[in-house]
Amino acid sequence: MLSQSALTKNTVESLLEGLNEHQRKAAVTTEGPVLIIAGAGSGKTRVLTFRIAYLLQQGIHPSSILALTFTNKAAKEMRERITHLVGDTVYGVMAGTFHSVFARILRQYADLIGYNRSFSIYDTDDQLSAVKAIMVQLGISQQVLPANGVRGRISSAKNAMISWQQYSNGANSVIEKQTAQIFQEYEARLKRSNAMDFDDLLLNMIRLLQQQPDVLDQLQERFRYIMVDEYQDTNKAQYKAVELLARKYRNLCVVGDDAQSIYRWRGADIQNILDFERDYPKATTVRLEQNYRSTKTILAAADSVIKNNSGRLKKELWTDNAEGEKILVLGCRDDREEAETIMKVVRTAMRESNLQASDVAVLYRTNAQSQLIEDAMRRANVAYHIVSGVSFYKRKEIKDTLAYLRVLVNPSDTESILRIINEPSRGIGNTTMQRLQDYAVETNTTLFETLKIAENVVGIQKRSATSVQNFVELITRNQVDIDTEPPALVAQRFMAQTGLADMYRLQNTDESQDRWNNIDRLLSHIQEQYEFDETLTLSQYIEQISLLSDADDEATGGNRVSMMTMHAAKGLEYPMVVIAGMEQGLFPLAKAEQDIDEREEERRLFYVGITRAKQHLVLTYAERRFRFGEMNFSRPSMFIGEIDPACVVGNHSNRTPHSEAHAVQNVWERGSPKRQSEFSQMPEGETYSQLPSAPRYNAPIPKSIRPANKDSVNGYTVGQQVNHPMFGIGTIMALSGSEQSAKATVMFNNGQRKQLMLAFAKLEVV
DNA sequence: ACTTAGTAAATTCTC
DNA sequence: TTTACTAAGT
């Protein structure tokens, strides 16, 4: 069957030999519920992928297998590794994040639960704008009740499967009662907009399964083997959805590590994994306790820290690896010095311990911390990159472009309309939109339907009504070809008409040029994706982008030091890890100082951080740090004190440095052992402000972004004289890209040099 | 309707 | 330091 040739008995058996006894058991116990408690570095992903390969080898049809992960990165890695084992067969396996898998299923059955299949997916920003609009509508001041707090409470409620009715019944305080009211309106508003937020993707999946027995049966029959990765991070809704899907065949295998649960704040319920054996009484439990990643020292340190948490699943991690060197703890005078120190430690380790830049990761608690470390790295010419910093997709111009495209696909999408109806300015102001929104709510129609009849709505100015009419026509005109023409073409033609790119082009500042280029990149990206998969629709593209916020790939490429938050580091490993900002109030965060649960979560996060390291681990802290615009004093993190002192060296407290500690020698070679600050001070005369700043985002858009220069493109040639309606006569200096993404660099006679996109700029050859 | 200036607040993590 | 909201002025 299928391309099973890639998967002979031999490959399976040889793989089997590569697994230890427990891993093997976890992989081949395919029937019934299985709980795999997988300690850090115990080969979890390996077991999961082998398990899937094994199922396929047993003759299980690929489409019977469902594998759910939390991040796109994890899903992608799993697919790649399975592909490695079984080849193309993997294409039948449904593997993805909860949200993406459910979104796909929900599109298919959308009409059964009262949605149109082109529903929009709302991210946190869209949620917030909906909440704000509702608060204005209800006359609740944001001064009294911060909108973002309301958004958070609504989302938490939904995570815990609490409906607005239930929330309303349980509301006691004024704040809760008002929130309940907003909650109710919020649900109605999203429904009217034919939109689901992230939580709805889970909740509607449950609704679908509960309300449509046929669908439930169909899906249960289809997904006979279900696997859930990072089970400790599931929330109530995810738990329920999985429970429903697995109820019939009960071939549910969950993998997780309670010690690595770090998403409580977004509704993850650690109880789900703790209670698995109770919920599935006949479950086989397998413990993966052999660590293949870290040295004995690192493991001991991690263990001594996590021991301070209560209520854990029994698990004893051990390793055959070497003792390894001690953990280096370095106190610094301030955050700048810390950054310099990190740079020096990394550079020294690369030189002395024969490490590549890509062998090193610098981890921190908050994204803001990366700035100074980046500066230090750049100054010293150490190649680095930021993993999932500010996403490309969070940029204003990109969000605007996507909003335009979403309106095209789903005109009911209120939040997207509000976002772009006056961007660029069309003379449609707040008052007008407020009136139209009120009217839409009163008549219980979509905003777009109301826009169509704007002239009949009382209180709307003639001028505004005309502008609205033009906007409606802009949308409807472009919707015509949406199902017949290639998505990139539709998008490009549409965007050229919206005037968004023109607005940035005419602003003609460095910043607007960037924005314009970003729009261009997005449009090119659609083209690329389409070339990769010709069945791609605009709707699918938007969904794909909405559910992606990780800057996955690309980030891993190249020989560079990786810098990221500890959350982002989950699932990764590096020969050398530096954890920065080990200070009370930063790590653990201030709010954890009172709350035991918060503190335990921070501790688990620290545990995750420590266990990323294979051989070298360095912890740093600063005695003073610039935060919130002012200098603050801080004390070393309590977590440092929790590490078994036998595992640690450094200038922390009055412990004397051990001479056998390799890294320590390197660090101290140029300074006095007592005051490490002396060697890490900034050289005189150089300041950080003189340094150019690095791009702050890490765009996941792959390759081909920098097209090669050409002599002739789309009928234009280098050297040609052209006329531009805005800039006048000029000469084409260079050409790049092709078709819709073609660009020309033009030197205009007025002295301006511009990069223009041929699809947008109306260049006339003279 | 749009611009500007002034003030307040918020700064963790993610699908 | 940066962002975001409000109010007043054009």
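For the structure itself, look to the data block above.
Residues numbered from 1 in each chain as written. Chains lettered and ligands numbered in written order. Predicted model: local features only at pLDDT ≥ 70, side-chain atom pairs only at ≥ 80, totals over all residues. Heavy atoms only, no water.

**Points about the overall build of chain A**
1) Next: What chain A contains, in helices and strands, is 30 helices and 26 strands.
2) Next: Excluding contacts between residues fewer than 6 apart, the proportion of contacts in chain A whose partners are at least 24 apart in sequence is 75%.
3) Next: Total accessible area on chain A is roughly 32900 Å²; 48% of this is exposed by carbon and sulfur atoms. (Helix = DSSP H or I, 4+ residues; strand = E, 2+ residues; numbered from the N terminus. Contact = heavy atoms within 4.5 Å. Areas by Shrake-Rupley, 256 points an atom, 1.4 Å probe, with all protein chains shown as cover.)

**Digging into the pairing of strand 7 (residues 252-256)**
1) Next: Of all the five residues making up strand 7, five are buried; the element is thus mostly covered by neighbouring parts of the structure.
2) Next: Side chains L252, V254 and G256 project from strand 7 onto one buried face, and the interleaved C253 and V255 project onto a second face that is buried too.
3) Next: The pairing of strand 1 (residues 34-38) with strand 7 spans four bridges and is parallel. Across the sheet, residue L35 finds its bridge partner in strand 7, namely V254.
4) Next: Regarding the hand of the β-α-β motif, the stretch spanning strand 6 (residues 225-228), helix 12 (residues 236-246) and strand 7 is right-handed. (Buried < 20%, exposed > 50% of the residue type's maximum accessible area, 1.4 Å probe, protein only. Pairing = 2+ DSSP bridges. Right-handed = clockwise from strand over helix to strand, strands pointing away.)

**Quick word on the packing of helix 6 (residues 124-138) against helix 9 (residues 174-192)**
1) Next: Their axes nearest at 10 Å, the elements helix 6 and helix 9 cross at an angle of 120°. With respect to helix 9, the element helix 6 is oriented oblique. Helix 9 is crossed by helix 6, and the crossing has right-handed handedness. Between helix 6, through Q127, A130, V131, A133, I134, M135, Q137 and L138, and helix 9, the contact on the second element is made entirely by Q181, I182, E185, Y186, R189 and L190.
2) Next: When the residues that make up the contact of helix 6 with helix 9 are grouped by side-chain class, the tally is nine nonpolar, three polar and two charged. (Axes fitted to C-alpha atoms, helices over the stretch in contact; angles between N-to-C directions. Parallel < 35°, antiparallel > 145°, perpendicular 65-115°, else oblique. Left-handed = near helix turned anticlockwise from the far one by under 90°. Nonpolar A, V, L, I, M, F, W, Y, C, P; charged D, E, K, R; others polar.)

**Things to note about the pattern of salt bridges**
1) Next: A full pass over the atoms with the stated rule returns 48 salt bridges.
2) Next: Linking E598 and K591 is a salt bridge whose minimum nitrogen-to-oxygen distance equals 3.7 Å.
3) Next: Taken together, the shared-partner salt bridges in this structure form one network comprising R264, K591, D597, E598, E601 and R604. (Salt bridge = Lys/Arg side-chain N within 4 Å of Asp/Glu carboxyl O.)

**Considering the sheet that holds strand 3 (residues 94-97)**
1) Next: Taken in spatial order, the six strands line up as 3-2-6-7-1-8 in an open sheet, and their pairing is parallel. Looking at the sheet topology across the chains shown, the edges are occupied by strand 3 and strand 8 (284-288). Across the sheet, the mean angle separating the axes of adjacent strands is 15° when strand polarity is ignored.
2) Next: Two strands pair when backbone bridges link them, and strand 6 and strand 7 are joined in this way by three bridges, in the parallel orientation. Bridge pairing links M227 to C253 in strand 7.

**With respect to the nonpolar core**
1) Next: Judged by nonpolar contacts, the single largest core of 48 residues is most densely connected at I105, L219, V228 and L252.
2) Next: Among the elements of the structure, strand 1, strand 2 (65-69), helix 5 (98-109), helix 10 (198-211), helix 11 (213-222), strand 6, helix 12 and strand 7 are those that each provide at least two residues to this core.
3) Next: Not counting residues up to four positions away in its chain, the partners in contact with I105 are M94, M205, L208, L219 and F223.
4) Next: Counting residues in hydrophobic clusters, the runner-up holds 47 residues, among them L436, M503, Y504 and I542. (Core = buried A, V, L, I, M, F, W, Y, C linked by side-chain atoms within 4.5 Å.)

**Things to note about unusual backbone geometry**
1) Next: Between E423 and P424 the backbone carries a cis peptide bond, its omega angle lying at 0°.
2) Next: Note on placement: P424 falls in the loop between helix 19 (414-420) and helix 20 (430-443).
3) Next: The linkage connecting F587 with the following residue, P588, adopts the cis geometry, with an omega of 5°.
4) Next: Here P588 shows up in the loop between strand 15 (574-579) and helix 28 (596-610).

**Some details on helix 3 (residues 44-57)**
1) Next: Here helix 3 spans 20 Å end to end across 14 residues, near enough to the 20 Å set by a 1.5 Å rise per residue.
2) Next: In terms of burial, helix 3 is largely enclosed, as twelve of its 14 residues are buried.
3) Next: Along helix 3, the positions that sit buried rather than exposed are K44, V47, L48, T49, F50, R51, I52, A53, Y54, L55, L56 and Q57.
4) Next: Positive phi shows up at G59, right after helix 3, with a value of about 95°. (Expected span 1.5 Å × (residues − 1).)

**Describing helix 17 (residues 370-379)**
1) Next: Within helix 17, seven of the ten residues are buried, which leaves it mostly tucked inside the rest of the structure.
2) Next: S370, I373, E374, D375, A376, M377 and R378 are the residues of helix 17 that are buried.
3) Next: Where helix 17 is buried, its residues contact helix 16 (335-352), strand 12 (360-364), strand 13 (384-386) and strand 14 (561-565).
4) Next: At the exit of helix 17 stands N381, carrying a positive phi of roughly 60°.

**Looking at empty space enclosed by the protein**
1) Next: For the structure on display, the rule yields six cavities of 30 Å³ or more.
2) Next: Roughly 90 Å³ of internal volume is contained in the largest cavity.
3) Next: In terms of lining residues, the largest cavity is bounded by R107, S118, F119, S120, I121, R406, V409, N410, S539, I542, E543 and S546.
4) Next: Of all elements in the fold, only strand 4 (120-122), helix 18 (396-409) and helix 26 (538-546) reach the threshold of two or more residues within the lining of the largest cavity.
5) Next: In terms of residues, the lining of the largest cavity owes the most to one element, helix 26, which gives four residues.
6) Next: For the lining of the largest cavity, the per-class residue count stands at four nonpolar, five polar and three charged.
7) Next: Empty space within the second largest cavity amounts to approximately 70 Å³.
8) Next: Lining the second largest cavity are R189, R192, S193, T414, Q437, A440, V441, T445, T446 and L447.
9) Next: Elements that contribute at least two residues to the lining of the second largest cavity include exactly helix 9 and helix 20.
10) Next: It is helix 20 that provides the largest number of residues to the lining of the second largest cavity, a total of three residues.
11) Next: Here the residues of the lining of the second largest cavity sort into three nonpolar, five polar and two charged. (1 Å grid on protein atoms, 1.4 Å probe; cavity = no way out; pocket = protein on both sides within 12 Å on 5 of 7 lines; lining within 4 Å. Points joined across faces, edges and corners; volume = space filled by probe spheres on them.)

**As for the pairing of strand 12**
1) Next: Within strand 12, five of the five residues are buried, leaving the element largely enclosed by the surrounding structure.
2) Next: Pairing geometry for strand 12 and strand 15, over four bridges, is parallel. Bridge pairing links A361 to V577 in strand 15.
3) Next: Summarising the sheet, strand 12 and strand 14 pair through four bridges and their orientation is parallel. From the neighbouring strand, V362 faces strand 14, where its bridge partner is M563.

**Side note on the packing of aromatic side chains**
1) Next: Applying the stated criterion across every chain yields a total of twelve aromatic pairs.
2) Next: Between F50 and Y54, the ring centres sit 6.2 Å apart and the planes meet at 35°, which makes this aromatic pair tilted. Here F50 and its partner Y54 are both found in helix 3, four residues apart, which amounts to about one turn of the helix.
3) Next: With 6.3 Å between their ring centres and 70° between their planes, Y115 and F119 make a pair best called edge-to-face.
4) Next: Residue classification places Y115 among the buried residues on the basis of a relative accessible area of 10%.
5) Next: Ring pairing ties together the aromatic residues F70, F98 and F102, which thus form one cluster.
6) Next: The side chain of R107 reaches across the aromatic face of F119, ending 4.1 Å from its centre.
7) Next: Between K191 and the ring centre of Y115, over which it is positioned, the NZ or CZ distance is 5.2 Å. (Phe/Tyr/Trp six-rings, centres within 6.5 Å; stacked < 30°, edge-to-face > 60°. Lys NZ or Arg CZ within 6 Å of the ring centre and 35° of its normal.)

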